[in-house]
Amino acid sequence: MKTYVALLRGINVTGHNKIKMIELKSLFINLGFKNVTTYIQSGNVIFEANKSDTKKIEEQIISAVKNQFNYTINVLVITIDYLKTIFNSNPFLKREKIDITKLHITLLKNEPNLESISQIKNLIKTNDDEFETLNKCVYIYCPNGYGKTKLNNNLFEKKLKSPATTRNWKTISKLVELSSSKIE
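What this report covers is the structure whose coordinates are included nearby. Here the structure is a predicted model, which is why all the values come from computation and not from measurement.

Between its terminal C-alpha atoms helix 2 (residues 54-69) stretches 22 Å, which fits the 22 Å expected from 16 residues at 1.5 Å a residue. Here helix 2 has its buried residues at I57, E58, I61, A64, V65 and F69. Within helix 2, the buried residues cover an arc of 130° as seen down the axis, which keeps them to one side. In this structure, helix 2 carries K56, E59 and N67 as exposed residues pointing more than 90 degrees from its buried face. Elements in contact with the buried residues of helix 2: strand 1 (2-9), helix 1 (21-30), strand 3 (44-49) and strand 4 (74-79). Taking the backbone nitrogen of K55 as reference, a side-chain oxygen 3.0 Å away marks D53 as the first, capping residue of helix 2. Of the residues flanking the end of helix 2, it is N70, one or two places downstream, whose phi is positive at about 65°.

The following block contains the structure:
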């Protein structure tokens, strides 16, 4: 069995695509996954599976959510090793006195189309927001808050031409903590 984290995009946001975590946990158990743990209401699930193809696991979860709840959502499944790599690679953590409550990460399903990076940087020339792309991740620092930035999930999906989901740093940290307690 291998431990994974599933990040479901767009559930329980502003009253749309409501799924109770107990129902989501049951869905994962019914799919045959083991040691299922959910974290907060925004669709974060840690689980074990005897499969190694994350794309097939994603398709299985997407199909089950569609069948059970009639929602079409995006799902990103990553290994705990990749989650830890993401966590340890945040370039903004190298700065002294960084406010980690202003850190977010957008995880991309595909390699990003980097041709649009300059367009995105032009959007934030007049404020203090910053971002850096590393592999299939966009690390974001929004000193004035994520709710006030132009660097949102939809922008990165559109400009980098990849489905994506965004989490705040507290959530990423907690997922690392919870998944570290799982035995590979």
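Structure's up, so let's keep going.
This model, assessed by the stated rule, comprises four salt bridges. Across the pair K109 and E58 runs a salt bridge, and its minimum N-O distance is 3.3 Å. One end of the pair, K109, is in the loop between strand 5 (103-108) and helix 4 (117-123); the other, E58, is in helix 2, with 51 residues separating them in the sequence. E58 matches K109 in its accessibility class, with the two residues each being buried. Between R95 and E130 there is a salt bridge; the shortest N-O distance is 2.6 Å. Placement of the pair is R95 in the loop between helix 3 (80-88) and strand 5 and E130 in strand 6 (residues 130-134), with a sequence separation of 35 residues.

Here we come to the sheet that holds strand 5. Strand pairing in a sheet relies on backbone hydrogen bonds, with the paired strands running either antiparallel or parallel. Read from one edge to the other, the open sheet built from four strands follows the order 6-7-5-8, with strand pairing classed as antiparallel. What marks the edges here is a single partner per strand, and that holds for strand 6 and strand 8 (164-168). When the angles between neighbouring strand axes are averaged without regard to direction, this sheet yields 20°. Sheet topology places strand 6 next to strand 7 (residues 137-141); five bridges connect them, and they run antiparallel. Bridging from a neighbouring strand, F131 pairs with I140 of strand 7. Contacts from helix 3 reach strand 5 and strand 7 within the one sheet, and its direction differs from that of strand 7 by about 40°. Contacts between helix 6 (residues 169-180) and the sheet are confined to strand 5 and strand 8, with strand 8 contributing the most and set at about 90° to the helix.

This part covers the packing of helix 1 against helix 2. Contact geometry of helix 1 with helix 2 gives a least axis separation of 11 Å together with a crossing angle of 125°. One finds that helix 1 runs oblique with respect to helix 2. Crossing angle aside, the handedness with which helix 1 passes helix 2 is right-handed. Across the interface between the two elements, E23, L27 and F28 of helix 1 pack against I61, A64, V65, Q68 and F69 of helix 2. Looking at the contact of helix 1 with helix 2 residue by residue, the class counts come to six nonpolar, one polar and one charged.

What counts and how
Residues numbered from 1 in each chain as written. Predicted model: local features only at pLDDT ≥ 70, side-chain atom pairs only at ≥ 80, totals over all residues. Heavy atoms only, no water. Helix = DSSP H or I, 4+ residues; strand = E, 2+ residues; numbered from the N terminus. Expected span 1.5 Å × (residues − 1). Buried < 20%, exposed > 50% of the residue type's maximum accessible area, 1.4 Å probe, protein only. Arc of directions from axis to C-beta. Contact = heavy atoms within 4.5 Å. Polar contact = N/O pair within 3.5 Å; in protein donor to acceptor, adjacent residues only side chain to side chain. Salt bridge = Lys/Arg side-chain N within 4 Å of Asp/Glu carboxyl O. Pairing = 2+ DSSP bridges. Axes fitted to C-alpha atoms, helices over the stretch in contact; angles between N-to-C directions. Parallel < 35°, antiparallel > 145°, perpendicular 65-115°, else oblique. Left-handed = near helix turned anticlockwise from the far one by under 90°. Nonpolar A, V, L, I, M, F, W, Y, C, P; charged D, E, K, R; others polar.

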